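Working through the structure, step by step
Letter by letter, the chains look like this.
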Amino acid sequence: MNAPLPAAADAGERSRRQAEVVAALAQLLPAHALLWHAEDTVPYECDGLTAYREQPLVVALPETEAQVAAVLRECHRLNVPVVARGAGTGLSGGALPNRLGVTLSLAKFNRIVRLDPYARTATVQCGVRNLAISEAAAPFGLYYAPDPSSQIACTIGGNVAENSGGVHCLKYGLTLHNVLRVRGYTVSGEAVEFGSEALDCAGLDLLAVVVGSEGMLAVTLEVTVKLVPKPQLARCIMASFDDIRKAGDAVANVIAAGIIPAGLEMMDKPMTAAVEDYVHAGYDLDAVAILLCESDGTAEEVAEEIGRMEAVLAGSGATRIEVSADEAQRLKFWSGRKNAFPATGRLSPDYMCMDSTIPRKRLSDLLLAIQGMEQKYGLRCLNVFHAGDGNLHPLIMFDANDPDQLHRCELFGADILESSVAMGGTISGEHGVGVEKLAAMCVQFSPAEQEQMRALKRAFDPSGLLNPGKVIPTLVRCAEYGKMHVRRGLLPFADIPRF
C-alpha cells in the first residue's frame, strides 16, 4: 500500500483534480448546477451521521436524466468516484462525500410521475419525499406504508438505498416489500431496470439486490411503489411497565399469541422523559419502559385485536394500559415516538444512533447490557426500539468537539453491535452500514462472505467508483479491528466471530 501523500502534495493533487473535473462537468451542466467552492459544498459534507465529515471535490445537481447519465459517463472516463445523495437524512454515513470525488445530488428529481389508484401503485422520481407519496395518494383512500421517522424529509431514493422501515414495518414490511420496480443508471451511464410492474420480470430478479445496496451498485432515478388502502380505523395502546425484562417479554408474548400489530414500539424511561418534555405526548413518566401497540383494520377487527393485546399485556405485567380514545390521541402517542431523535438532539450536542437487530426474546438482555455500557464508557444512551421486529435504535449522546468523547462513543457503539451479533442478531436493520458500521462487518461476516459481496459489486461496478469505501471493509481493516478487540479486552482474539 502506498504511503499517504504529505499534506501539501495532497492539497495540490486535490486542486488539480478539482480543476479537471469542473472543466469536464461544466460542458454537461448549467453553471448553477455545479458547485465546487468550499463555502458552497459545506452543506454536503455529511448526512445525518454528523460525527464524520468530508467536503466533496465537486457537487453536481443535474436536472434531467440525460444529465445524470452524462455526468456518470464522464466521471467513469476520468476515474472519479461518485456518491449519490438524496435528502441527506441517512444515519450511517452512506452519503459521506469522497474528498476526490463528485457528490451527485438528486434533489431536483422530485416529481410524482404517475399514480394509478386502480393498480394501487405510484411511480415517482427518486427525490420525492416519503410522506409526499401518501399525501398524493390520500384522495384515493390509499397510502404508502413504510414510514421512517424522517418521512417528512427523507426521499424514496434514499429509502431504496437503505431498505428503510418505520414504526409500521412489522405488519406492512420494509421498503423491499413495498417496491415493485427501480430504474436508474450504472456507474458507466448505462440505463438499468430492476423488477417490474407486472407479476414477473424478464431475466434475473435482482430487485432485492439493489434495494438496500446503499448506492454501491447503481444510481436510482425512478421507483414504482405499492399503495395500500387506508384502514377504516386505527387505535393505539400505551402500556407501562415497571421492569425492563417484563416489557421485553411482553413484546415476545404479543407475537407468540399470533398477533401482528400494525406497530409495536418500545421506549425506555430516559427516552420517554426526553420525548414528553418535547412534544407532550401523554407518556407515563413513572414507567421504566413503555410499549406502543397499534391495531388497524375494520372497527370489528380493531376491537377484537385490541382486546387480545390488552389481555396479553396485562398478563405480562403491565402496570398501566391506556387505549387511544380518538384519532387525535393516537397521533399524539405516535408523535412522541416519531420525535425521539429531535428530542434527543435537544439534550446533547451530538448523538450516534445504532441500528442493530436481535431476536425479540433478547430485547431486555441487550437493554440491560446497554445500561452497563453507559457506566463503562461514561456516556448516556436513550433507547427506542422497533420492538416488534427486534430492531434497536440506541442513541448514544456525546460532544463531537471532544475527541475523547467521540472515541468513547465509537467504542460504545461497537460494543452494542458486537453484543447484538453475539445474541444471534445482526449489525443493521434499516439504517445501513455506510461508514459507521464498517468495522462491525468484520465481526458478523467471514472474509469469504465479504469477498462474495465484493464480487457482486464488481459485477455492477468493475471500476469501484460508486460510493467507494462504504459497506464492505477491507481485509486490513478487519485485521486491525481484531487487534482492537484484544486491546479493549472485549473478547479473546481467538473467540472473535469468523476470524
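Residues numbered from 1 in each chain as written. Predicted model: local features only at pLDDT ≥ 70, side-chain atom pairs only at ≥ 80, totals over all residues. Heavy atoms only, no water.

**Re the overall build of the chain**
For the chain, the helix and strand inventory stands at 17 helices and 18 strands. Taken over C-alpha atoms, the radius of gyration comes to 23 Å for the chain, in line with the 23 Å a tight globule of 499 residues would show. Relative to its full complement of 499 residues, the chain shows a buried share of 55%. Accessible surface, the chain as shown: approximately 20300 Å² in total, 55% of it carbon and sulfur. When the 45 basic and 59 acidic side-chain charges of the chain are each reduced to a single mean position, those positions are 3 Å apart. (Helix = DSSP H or I, 4+ residues; strand = E, 2+ residues; numbered from the N terminus. Rg over C-alpha atoms; globule rule 2.2 N^0.38 Å. Buried < 20%, exposed > 50% of the residue type's maximum accessible area, 1.4 Å probe, protein only. Areas by Shrake-Rupley, 256 points an atom, 1.4 Å probe, with all protein chains shown as cover. Lys, Arg positive; Asp, Glu negative; His and termini not counted. Charge placed at Lys NZ, Arg CZ, Asp CG, Glu CD.)

**Description of helix α4 (residues 130–137)**
Among all positions of α4, only N130, A132, I133, S134 and A137 are buried. Each element contacted by the buried residues of α4 is listed here: β5 (112–116), β6 (121–125), β7 (142–143), α5 (156–162) and β10 (219–226). (Contact = heavy atoms within 4.5 Å.)

**Digging into the state of the cysteines**
Evaluation of the coordinates by the stated rule reveals one disulfide. For C442, the disulfide goes to C478, at an S-S distance of 2.2 Å. Sign of the S-S torsion, about -85° for the bond between C442 and C478, identifies this disulfide as left-handed. Linking C442 in helix α15 (residues 438–444) with C478 in helix α17 (residues 475–488), this pair joins segments that are 36 residues apart in sequence. Assessed through its relative accessible area of 2%, C442 is described here as buried. Of all cysteine sulfurs in the structure, the one in C293 sits closest to C236, which takes part in no disulfide; the separation is 7.1 Å. With a relative accessible area of 0%, C236 lands in the buried category. C381 takes part in no disulfide bond, and the closest cysteine sulfur, belonging to C409, lies 8.8 Å away. (Disulfide = S-S within 2.5 Å.)

**Let's talk about empty space enclosed by the protein**
One pass over the full model with this rule turns up one cavity of 30 Å³ or more. Reported here for the largest cavity is a volume of approximately 30 Å³. G48, L49, T50, L91, Y351, M352 and C353 together form the lining of the largest cavity. Looking at the lining of the largest cavity, its residues break down into five nonpolar, two polar and no charged. (1 Å grid on protein atoms, 1.4 Å probe; cavity = no way out; pocket = protein on both sides within 12 Å on 5 of 7 lines; lining within 4 Å. Points joined across faces, edges and corners; volume = space filled by probe spheres on them. Nonpolar A, V, L, I, M, F, W, Y, C, P; charged D, E, K, R; others polar.)

**Looking at the confidence of the model for the chain**
The pLDDT averaged across the chain works out to 93; a share of 94% of its residues lies at or above 70. In the predicted structure, residues 486–499 sits below a pLDDT of 50 and forms 32 contacts with residues beyond four places in sequence or in another chain. (pLDDT = per-residue confidence, 0-100.)

**Here's the deal with the nonpolar core**
Counting 87 residues, the largest nonpolar core has I133, V225, L291, L313 and F412 as its most contacted members. For this core, the leading source of residues is helix α14 (residues 403–422), giving eight residues. Contact partners of F412, with chain neighbours within four places excluded, come to I370, M373, E374, Y377, L379, C381 and I396. In this structure, V21, A24, F109 and L466 belong to the second largest nonpolar core, which totals 33 residues. (Core = buried A, V, L, I, M, F, W, Y, C linked by side-chain atoms within 4.5 Å.)

**Remarks on the sheet that holds strand β18 (residues 391–398)**
Across the sheet, which stays open at both edges, the seven strands sit in the order β15-β12-β14-β13-β17-β18-β16 with antiparallel pairing between neighbours. The two strands at the open ends of the sheet, each matched to only one other strand, are β15 (320–323) and β16 (350–353). Averaged over all pairs of adjacent strands, the angle between their axes in this sheet comes to 15°, without regard to strand direction. Strands β12 (233–241), β13 (263–268) and β14 (289–297) of the sheet are contacted by helix α8 (residues 244–256), whose axis makes an angle of about 175° with β13. Helix-sheet contacts for helix α13 (residues 363–377) involve β13, β17 (381–386) and β18, and the interaxial angle to β17 is about 165°. (Pairing = 2+ DSSP bridges. Axes fitted to C-alpha atoms, helices over the stretch in contact; angles between N-to-C directions.)

**Concerning the sheet that holds strand β8 (residues 179–185)**
Within the open sheet, the five strands sit side by side as β5-β6-β10-β8-β9. Their pairing is antiparallel. Since the sheet does not close on itself, it has two edges, and those belong to β5 and β9 (191–195), each with one partner. Each strand of the sheet is rotated relative to its neighbour by a mean of 10°, with strand direction disregarded. For β5 and β6, the ladder comprises four bridges, and the chain directions are antiparallel. Opposite I112, over in β6, you have V124 as the bridge partner. Sheet strands in contact with helix α3 (residues 65–78) are β8 and β10, and its direction is about 60° off that of β8. Strand contacts of α4: β5, β6 and β10, with the helix running at about 45° to β5, the strand carrying the most contacts.

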